[in-house]
Amino acid sequence: MKTAIIIGASSGIGRELALQLSSKGYRLCITARRKELLEELLTSLEQDSFLCEMDVSDTTEAIKKFNTITHKMGVVDLVVINAGTGFIDTEMPWDNDKKTIEVNVNGFTAIANTAFHYLCQQGHGQIAGVSSIAAIRGGAAAAYNASKAYISSYLEGLRAKAVKENIPLTITDIRPGFVDTNMAQGEGLFWVAPPQKAARQILSAIESKKKLAYITKRWRIIAGLLKILPDAIYNRI
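Model, not experiment: these values are computed from the prediction.

## Topic: the pattern of salt bridges
Working step 1: All told, the structure shown has seven salt bridges when counted by the stated rule.
Working step 2: Measuring nitrogen to oxygen at the nearest pair gives 3.2 Å for the salt bridge that ties Arg15 to Glu40. Here the residue Arg15 occupies a position in helix 1 (residues 12–23), and Glu40 occupies one in helix 2 (residues 35–42), the gap between them amounting to 25 residues.
Working step 3: Between Asp173 and Arg175 there is a salt bridge, and its shortest N-O distance comes to 3.0 Å.
Working step 4: Judged by relative accessible area, which is 4%, Asp173 ranks as buried.
Working step 5: Arg175 gets classed as buried once you look at its relative accessible area, which sits at 14%.

## Remarks on the nonpolar core
Working step 1: Ile5, Ile69, Ile111, Phe116 and Ile127 are the most contacted members of the largest nonpolar core, which totals 32 residues.
Working step 2: Ranked by the residues each element gives to this core, the list is headed by helix 4 (residues 94–122), at nine residues.
Working step 3: Not counting residues up to four positions away in its chain, the partners in contact with Ile5 are Cys29, Thr31, Phe66, Ile69, Thr70, Met73, Val76, Leu78, Val79 and Val80.
Working step 4: Counting residues in each nonpolar core, the second largest holds 28 residues, with Leu17, Ala18, Val80 and Val179 among its members.

## Structural notes on the sheet that holds strand 3 (residues 50–53)
Working step 1: Strand order in this open sheet of seven strands is 3-2-1-4-5-6-7, and the pairing throughout is parallel. Two strands close off the open sheet at either side, each with one partner strand: strand 3 and strand 7 (212–215). Ignoring strand direction, the axes of neighbouring strands in this sheet form an average angle of 15 degrees.
Working step 2: Against the sheet, helix 3 (residues 59–73) contacts strand 1 (3–7), strand 2 (27–32), strand 3 and strand 4 (78–81), and its axis sits at roughly 165 degrees relative to strand 1.
Working step 3: The sheet contacts of helix 6 (residues 195–207) involve strand 4, strand 5 (125–130), strand 6 (169–176) and strand 7, and relative to strand 7 the element is tilted by about 170 degrees.

## With respect to helix 1
Working step 1: For helix 1, spanning twelve residues, the distance from its first C-alpha to its last is 17 Å, which sits close to the expected 16 Å at 1.5 Å a residue.
Working step 2: Among the twelve residues in helix 1, ten count as buried, and that is most of the element.
Working step 3: Among the residues of helix 1, Gly12, Ile13, Gly14, Arg15, Glu16, Leu17, Ala18, Gln20, Leu21 and Ser22 are the ones counted as buried.
Working step 4: Buried residues along helix 1 sit in contact with strand 1, strand 2, helix 2, strand 4, strand 6 and helix 6.
Working step 5: Once helix 1 ends, the next one or two residues include Gly25, with phi positive near 100 degrees.

## Structural notes on the packing of helix 3 against helix 4
Working step 1: Taken N-terminus to C-terminus, the directions of helix 3 and helix 4 make an angle of 30 degrees; their axes are 10 Å apart at the nearest point. Here helix 3 lies roughly parallel to helix 4, going by the angle between them. Handedness of the helix 3/helix 4 crossing: right-handed. Residues Thr59, Ala62, Ile63, Phe66, Asn67 and Thr70 of helix 3 touch helix 4, and the partners they reach there are Asn106, Gly107, Ala110, Ile111, Thr114, Ala115 and Tyr118.
Working step 2: By residue class, the composition of the contact of helix 3 with helix 4 is seven nonpolar, six polar and no charged.

## Re the side chain of Thr3
Working step 1: Within the fold, Thr3 resides in strand 1.
Working step 2: Of the polar contacts made by the side chain of Thr3, one reaches the backbone oxygen of Val75; its length is 2.6 Å.
Working step 3: Beyond its immediate chain neighbours, meaning those up to four positions away, Thr3 contacts Tyr26, Arg27, Met73, Val75, Val76, Asp77 and Leu78.

## Here we look at helix 5 (residues 142–164)
Owing to its 3.6 residues per turn, the α-helix brings residues three or four apart onto one side.
Working step 1: With 23 residues, helix 5 extends 33 Å between its outermost C-alpha atoms, agreeing within 8% with the 33 Å of an ideal straight helix rising 1.5 Å per residue.
Working step 2: Turning to helix 5, its buried residues number three or more, namely Ala143, Tyr144, Asn145, Ser147, Lys148, Ile151, Ser152, Tyr154, Leu155, Leu158, Arg159 and Ala162.
Working step 3: Considering only its buried residues, helix 5 is in contact with helix 4, strand 5 and strand 6.
Working step 4: Looking one or two places after helix 5, you find Asn166, whose phi comes out positive at around 55 degrees.

## Considering the environment of Thr170
Working step 1: By the element assignment, Thr170 lies in strand 6.
Working step 2: Of the residues examined, Thr170 reaches a relative accessible area of 14% and is grouped as buried.
Working step 3: With 41 residues separating them along the chain, Thr170 and Lys211 place their C-alpha atoms 7.5 Å apart.
Working step 4: When residues no more than four places from it in sequence are discounted, the contact partners of Thr170 are Gly125, Gln126, Ile127 and Lys209.

Conventions used here
- Residues numbered from 1 in each chain as written.
- Predicted model: local features only at pLDDT ≥ 70, side-chain atom pairs only at ≥ 80, totals over all residues.
- Heavy atoms only, no water.
- Salt bridge = Lys/Arg side-chain N within 4 Å of Asp/Glu carboxyl O.
- Helix = DSSP H or I, 4+ residues; strand = E, 2+ residues; numbered from the N terminus.
- Buried < 20%, exposed > 50% of the residue type's maximum accessible area, 1.4 Å probe, protein only.
- Core = buried A, V, L, I, M, F, W, Y, C linked by side-chain atoms within 4.5 Å.
- Contact = heavy atoms within 4.5 Å.
- Pairing = 2+ DSSP bridges.
- Axes fitted to C-alpha atoms, helices over the stretch in contact; angles between N-to-C directions.
- Expected span 1.5 Å × (residues − 1).
- Parallel < 35°, antiparallel > 145°, perpendicular 65-115°, else oblique.
- Left-handed = near helix turned anticlockwise from the far one by under 90°.
- Nonpolar A, V, L, I, M, F, W, Y, C, P; charged D, E, K, R; others polar.
- Polar contact = N/O pair within 3.5 Å; in protein donor to acceptor, adjacent residues only side chain to side chain.

Right, dumping it as structure tokens:
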């Protein structure tokens with residue numbers, strides 16, 4: 001039986017991914033801050049799994065809990081790092097930026113680093129980190145875009161290190177566009193995918209061992225445009 005740890009599984013993409021991985025025979029450990037949502041999800045999983053209440057912004061405690069999880073599972077085939085936060089506020093209060101950094105940068109790095117070392121010692125496995133289309137360029141939600149760029153760059157660094165050290169790990173950068181979750185904020189949103197569809201495409205990218213996947217696939221078009229759009233036009237969007 002394959003095994004997976006999902007960091008940030010209580011709702012949205014993480015929850016749907018847990019349901020779909022379980023239906024494919026994975027034994028899971030699901031984690032998030034909201035234990036009551038994890039308990040509800042656990043009853044819906046097809047395979048024998050367990051939960052761990054975890055706040056990744058408390059990096060010291062999160063690392064301890066991750067190590068406890070891996071010890072309990074023994075072998076870990078997949079680690080999905082989906083925990084994240086973001087704010088849309090034109091005033092850009094420091095408290096919002098600080099929380100974004102604590103979760104999306106510090107929390108992500110704590111888990112990604114710990115998972116990478118564990119999988120290297122194990123000798124195989126896969127890390128799938130959920131970044132965003134926002135990773136491509138800066139935006140009005142400056143800390144959010146910057147944090148997602150950090151995630152994508154860090155994942156690329158892990159991949160390069162694994163290749164250099166000849167360790168057969170797969171590092172997958174997942175970059176969703178708009179998905180119908182609490183993270184999709186603001187007006188004028190387009191191509192908003194239901195979480196079920198997003199999770200299906202993420203699972204397909206994981207199983208195909210892709211390095212990079214835009215979710216849904218059509219967001220690759222937007223990614224290409226964002227990379228070449230002149231600043232004079234981009235800054236007016």
